[in-house]
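Listed below are the residues making up each chain.
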Amino acid sequence: QVQLVESGGGLVQAGGSLGLSCAASGSIFRVNTMGWYRQAPGQQRELVAQITRGAVTNYQDSVKGRFTISRDNVYNMVYLQMNLLKPEDTAVYYCSADAATTNRDTYRTYWGQGTQVTVSS
């Protein structure tokens, strides 16, 4: 099994910055794409940013230029640096990882438990 644990959420004023971290652990053979999603109350979960193992990134339009995703392939970690935060960024942020547990395993998507980010106006 693969476990994902996020950290770094909290409360910040609009215009401020927060950094999120996520560590993947457990029986891991390889981690491919990692990402961050968010879900606001009454809303569907949406993609914020993704990063491939080769560091190719993809961002939701609303966060381009403000958020930066990065990863550490040695320690199977993914990070999200969030700058110029807006109240509409308020949500629970979830880490995701496409991982295989053996070299014969199929890749599946694992999820963290989520961390709350609240941006006050």
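Structure's up top.
Along each chain, numbering runs from 1 in the same order as the chain's sequence is written. pLDDT decides what is reported in this predicted model: residues at 70 or higher carry local features, side-chain atom pairs at 80 or more are listed and counted, and totals for whole chains, interfaces and linings draw on all residues regardless. Excluded from the side-chain calculation are hydrogens and water; included are all heavy atoms of the structure.

(A) Quick look at the side chain of Q60. Helix and strand definitions here come from DSSP, where helices need a minimum of 4 consecutive H or I residues and strands a minimum of 2 consecutive E residues; each element is numbered from the N-terminal end. Along the chain, the position of Q60 falls in the loop between β6 (57–59) and β7 (67–72). Sequence-distant contacts of Q60, defined by excluding residues within four places in its chain, comprise R38, E46, L47 and V48. For this analysis, residues touch if any pair of their heavy atoms sits within 4.5 Å.

(B) Molecular detail of the pairing of strand β3 (residues 18–26). When DSSP finds two or more bridges between two strands, those strands count as paired. Bridge count between strand β1 (residues 2–7) and β3: six bridges; the pairing is antiparallel. Residue pairing in the sheet places L4 in a bridge with A24 of β3. As defined by bridge partners, β3 adjoins strand β8 (residues 77–82) across six bridges and the pair is classed as antiparallel. Bridged to L18 within β8 is M82.

(C) Structural context of the pattern of salt bridges. We define a salt bridge as a side-chain nitrogen of Lys or Arg found within 4 Å of a carboxyl oxygen belonging to Asp or Glu. Per the counting criterion, the structure on display carries four salt bridges. The salt bridge involving D89 is made with R38; its shortest N-O contact spans 3.0 Å. Placement of D89 in the loop between β8 and β9 (91–100) and of R38 in strand β4 (residues 30–39) is noted, with a sequence separation of 51 residues between them. The same class applies to D89 and to R38, which are both buried. Each residue is placed in one exposure class: buried if its accessible area under a 1.4 Å probe, protein chains only, is under 20% of its type's maximum, exposed if it is over 50%, and partly exposed if it falls in between.

(D) Structural detail: the nonpolar core. W36, L80, M82 and Y93 are the most contacted members of the largest nonpolar core, which has 29 residues in total. Broken down by secondary-structure element, the contributors of at least two residues to this core are β1, β3, β4, β5 (46–51), β7, β8, β9 and β11 (115–120). No other element matches the five residues that β9 contributes to this core. In contact with L80, other than residues within four places in its own chain, are L18, G19, L20, W36, V48, A49, F67, T68, I69 and Y93. We call a set of buried Ala, Val, Leu, Ile, Met, Phe, Trp, Tyr and Cys residues a nonpolar core when their side-chain atoms join them within 4.5 Å.

(E) Spatial organisation of the state of the cysteines. To count as a disulfide, a pair of cysteine sulfur atoms needs to be within 2.5 Å. For the structure shown, the criterion picks out one disulfide. Paired by a disulfide, C22 and C95 hold their sulfur atoms 2.0 Å apart. With the S-S bond torsion at -80°, the cross-link from C22 to C95 turns out left-handed. Here C22, found in strand β3, pairs with C95, found in strand β9; they are 73 residues apart in sequence, far enough to count as distant. Residue classification places C95 among the buried positions, given a relative accessible area of 0%.

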